[in-house]
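Structural characterization, general
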Amino acid sequence: MKKTGSVLGILLIALLLWACSDKEVGNNDLNFPKLNWGMNWEDVMEEGGIAKDDLADNRAETQYGSTYIAEGYEVFGEKSDKTRFDFIDFGSGTKGLTSVIVEYPDHADMSHVLDEMQKAYGSTVPEAVSYQLFNSLDDGSLLEDYYKESEHVKIWSDLSVGEAIPDGEEDEYKKIWQDKPHSSATISFQPGLDNESWDEFSSNAKMVMVLWLEDGQDILDSGNKLYFLAWNRNAYNEITRRILEQKKE
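Residues numbered from 1 in each chain as written. Predicted model: local features only at pLDDT ≥ 70, side-chain atom pairs only at ≥ 80, totals over all residues. Heavy atoms only, no water.

**Points about the overall build of the protein**
Helix and strand counts for the protein come out as seven helices and 11 strands. Across the 249 residues in the protein, those meeting the buried criterion constitute 51%. By element, 43% of the accessible surface of the protein is carried by carbon and sulfur atoms, the whole surface being about 11500 Å². (Helix = DSSP H or I, 4+ residues; strand = E, 2+ residues; numbered from the N terminus. Buried < 20%, exposed > 50% of the residue type's maximum accessible area, 1.4 Å probe, protein only. Areas by Shrake-Rupley, 256 points an atom, 1.4 Å probe, with all protein chains shown as cover.)

Listed below in structure tokens is the structure:
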């Protein structure tokens with residue numbers, strides 16, 4: 001199994017890089033509980049029942065990204081230490097919910113969490129691939145993280161990017177996916193992506209991926225955690241919006 005970096009760190013770096021610098025698809029069953037991907041922070045607070053008093057003081061705010069942390073928020077029947085909500089503006093002018101990371105205390109009943117997730121999301125998948133949003137080597141390559149199911153790791157995934165793209169429109173998506181979301185951005189929608197690596201990326205990258213980790217064993221960081229990753233889904237929706245706008249011109 002490749003361990004090429006922490007998703008938490010990668011997402012934070014991506015937020016900072018973006019600051020420096022209408023079609024909906026996918027399985028809604030892979031939404032974070034009570035919420036929808038792409039929601040703004042105000043709607044997340046309202047629909048998720050998050051009070052201002054629940055929020056930690058430490059938050060990240062950039063021109064194109066925001067992070068909020070709720071303390072003691074209950075997710076799948078167990079109270080978390082921290083639940084982190086990441087919002088990205090992919091070019092529409094609105095920061096939408098893009099990822100959620102849930103950190104549970106050591107004593108949390110992760111078997112209970114898993115049971116509730118299986119009720120909500122159904123069967124897990126044996127393996128999945130995601131592609132990093134930051135390449136520390138800065139060599140322009142497409143870097144992957146490979147996840148494999150085990151006793152301590154469970155995975156749910158949505159359609160692949162390639163499966164979501166309408167027939168006959170792949171070239172348009174391939175071109176824009178290699179562009180920068182903003183003129184001031186220093187990374188593209190998918191860093192390291194080029195024409196040669198498109199087939200690999202579009203076949204393997206999932207629109208949404210969810211990870212259940214017990215004790216942090218075999219993968220990523222230590223501790224009991226959930227990762228909800230919808231970067232590709234929100235990127236896809238923004239790229240679709242741009243293609244539709246181009247067709248109107």
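Anyway, onward from the coordinates.
**Re the packing of helix H5 (residues 170–177) against helix H7 (residues 231–248)**
Relative orientation of the contacting elements H5 and H7 amounts to 115°, with a least axis distance of 10 Å. Looking at the two axes, H5 sits roughly perpendicular to H7. Two packed elements cross with a definite hand, and for H5 against H7 that hand is right-handed. Between H5 and H7, the residues in contact are Glu172, Tyr173, Ile176 and Trp177 and Asn232, Ala235, Tyr236, Ile239, Thr240, Arg242, Ile243, Gln246 and Lys247, respectively. (Axes fitted to C-alpha atoms, helices over the stretch in contact; angles between N-to-C directions. Parallel < 35°, antiparallel > 145°, perpendicular 65-115°, else oblique. Left-handed = near helix turned anticlockwise from the far one by under 90°. Contact = heavy atoms within 4.5 Å.)

**What to know about the nonpolar core**
The tendency in soluble globular proteins is for nonpolar side chains to be buried as a group. Counting 56 residues, the largest nonpolar core has Phe85, Met117, Trp177, Leu226 and Phe228 as the members making the most contacts within it. Counting residues in each nonpolar core, the second largest holds 11 residues, with Ile101, Tyr147, Leu211 and Leu213 among its members. (Core = buried A, V, L, I, M, F, W, Y, C linked by side-chain atoms within 4.5 Å.)

**Focus: the pattern of salt bridges**
In total, this model carries 10 salt bridges according to the counting rule given. In this structure, Lys95 and Glu61 form a salt bridge, with 2.6 Å as the shortest nitrogen-oxygen distance. A residue pair is termed long-range when its members are at least 10 positions apart, and Lys95 in the loop between strand E5 (82–88) and strand E6 (96–104) and Glu61 in strand E1 (residues 60–61) qualify at 34 residues. Put simply, Asp171 and Lys174 hold a salt bridge, and the shortest N to O gap is 4.0 Å. Here Asp171 and its partner Lys174 are both found in helix H5, three residues apart, which amounts to about one turn of the helix. Counted as one network, the salt bridges with shared partners bring together Arg59, Glu61 and Lys95. (Salt bridge = Lys/Arg side-chain N within 4 Å of Asp/Glu carboxyl O.)

**A closer look at the sheet that holds E6**
Within a sheet, neighbouring strands are paired by backbone hydrogen bonds and run either parallel or antiparallel to one another. Taking strand neighbours across the sheet as the criterion, the seven strands line up as E1-E2-E5-E6-E11-E10-E9 in an open arrangement whose pairing is antiparallel. Every interior strand has two partners, whereas the edge strands, E1 and strand E9 (153–157), have only one. Pairing analysis gives two bridges linking E1 to strand E2 (residues 65–71), with the strands arranged antiparallel. Looking across to E2, one finds that Ala60 is bridged to Thr67. On top of the sheet, helix H2 (residues 41–48) reaches E2, E5 and E6; it is set at about 145° to E5, its chief contact. This element, H7, spans E5, E6 and strand E11 (224–229) of the sheet and lies at about 175° to E6. (Pairing = 2+ DSSP bridges.)

**Here's the deal with the confidence of the model for the protein**
Overall, the predicted model of the protein reaches an average pLDDT of 86, with 84% of residues at or above 70. Here residues 1–24 scores under 50 on pLDDT; set against residues more than four positions off or in separate chains, the count is 84 contacts. (pLDDT = per-residue confidence, 0-100.)

**Focus on the packing of aromatic side chains**
When we look at a pair of aromatic rings, we describe it by the centre distance and by the angle of the planes. What the rule picks out here adds up to 17 aromatic pairs. Relative to Phe85, the ring of Tyr73 lies with its centre 6.2 Å away and its plane at 70°, an arrangement referred to as edge-to-face. With Tyr73 in the loop between E2 and strand E3 (74–75) and Phe85 in strand E5, the pair connects residues that are 12 residues apart, well separated along the chain. The same class applies to Tyr73 and to Phe85, which are both buried. Their ring planes at 65° and their centres at 5.8 Å tell us that Tyr121 and Trp156 sit as a pair that is edge-to-face. With Tyr121 in helix H3 (residues 110–121) and Trp156 in strand E9, the pair connects residues that are 35 residues apart, well separated along the chain. Through a chain of ring-to-ring contacts, the aromatic side chains of Phe32, Trp41, Tyr68, Tyr73, Phe76, Phe85, Phe87, Tyr121, Trp156 and Phe228 assemble into a single cluster. (Phe/Tyr/Trp six-rings, centres within 6.5 Å; stacked < 30°, edge-to-face > 60°.)

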